[in-house]
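Survey of secondary and tertiary structure
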Amino acid sequence: RFLALVLALAGFGILSNISFNNFFSNLTLVGNAIMLLGVFADGLFSPVAKPVCGKYPARVVLTFTIFFTTIFLLPFALATPVRQASLSWQPVVSILYLSLLCTCLGWTLWLYFLSKFPVNVIVLTVFLQPVLGPFISYFTLGEEIGFRVWVGGGIILLAVLLAVLKKPP
């Protein structure tokens, strides 16, 4: 499982396409660092959530998690300056997609599977998002999938497969 984690991090690094030019002002680096921080947060959350998911349905756990996360993040949201823009269908569809499909359905399924599988297997599935993201962009926006995505994504899929496979007795 340690090898699976190392492979997943290597695949994430390949997908990240980090440039060391203007290292501290590189927005790709900042975005990928935030994503990696989210992966580590999921890793810390998982051992706490697993026993809870065994006692309560995933919907209930998700509801409480989102409630307390909202309370925690509210001061940051209120302190963030808001740009006034005209409302169009793209942000509305994006918010619905992110809130209903990604958050509600995705996290409910993740919490459900967390109750069924070992934590160290489920945590690695978080790395599947950067693998699936380019395919969503390909089908919705027509963006091309580059060689780097195939290689990094393949390494991440191999890592998840290694984590899921059980050791022989």
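Keep in mind it's a predicted model, so treat the numbers as computed, not measured.

Digging into the packing of helix α1 (residues 2-16) against helix α7 (residues 147-164)
Where α1 contacts α7, the axes come no closer than 8 Å and their chain directions differ by 165°. The orientation of α1 relative to α7 falls into the category roughly antiparallel. Here the hand of the crossing between α1 and α7 comes out left-handed. Contacts between α1 and α7 involve L3, A4, L7, A8, G11, F12, I14, L15 and S16 on the former and, on the latter, R148, V149, V151, G152, G153, I155, I156, L158, A159, L162 and A163. Taken together, the residues of the contact of α1 with α7 sort by class into 15 nonpolar, 4 polar and 1 charged.

Thoughts on the packing of aromatic side chains
Summed over all chains, the structure comprises 7 aromatic pairs. Look at F113 and F117: their rings are 6.1 Å apart centre to centre, the planes differ by 40°, and that puts the pair in the tilted class. A residue is classified by how much of its surface remains accessible, and F113, at 36% relative accessible area, is partly exposed. Ring centres of F135 and W150 lie 5.4 Å apart, and the angle between their planes is 80°; on these two criteria the pair is classed as edge-to-face. Remark: W150 occurs in helix α7 and F135 occurs in helix α6 (residues 129-141); sequence separation between them is 15 residues. Take F135: its relative accessible area is 25%, and that puts it in the partly exposed class. Taken together, the ring pairs connect Y112, F113 and F117 into an aromatic cluster.

Comments concerning helix α4 (residues 89-116)
If you check α4, its first and last C-alpha atoms are 38 Å apart, about what 28 residues at 1.5 Å a residue would give, namely 40 Å. At G106, α4 is deflected by roughly 25°, the largest bend along its length. Within α4, burial applies to W110, L111 and L114.

Basis of the calculations
Residues numbered from 1 in each chain as written. Predicted model: local features only at pLDDT ≥ 70, side-chain atom pairs only at ≥ 80, totals over all residues. Heavy atoms only, no water. Axes fitted to C-alpha atoms, helices over the stretch in contact; angles between N-to-C directions. Helix = DSSP H or I, 4+ residues; strand = E, 2+ residues; numbered from the N terminus. Parallel < 35°, antiparallel > 145°, perpendicular 65-115°, else oblique. Left-handed = near helix turned anticlockwise from the far one by under 90°. Contact = heavy atoms within 4.5 Å. Nonpolar A, V, L, I, M, F, W, Y, C, P; charged D, E, K, R; others polar. Phe/Tyr/Trp six-rings, centres within 6.5 Å; stacked < 30°, edge-to-face > 60°. Buried < 20%, exposed > 50% of the residue type's maximum accessible area, 1.4 Å probe, protein only. Expected span 1.5 Å × (residues − 1). Bend = angle between axes of the 7 residues up to and from the residue.

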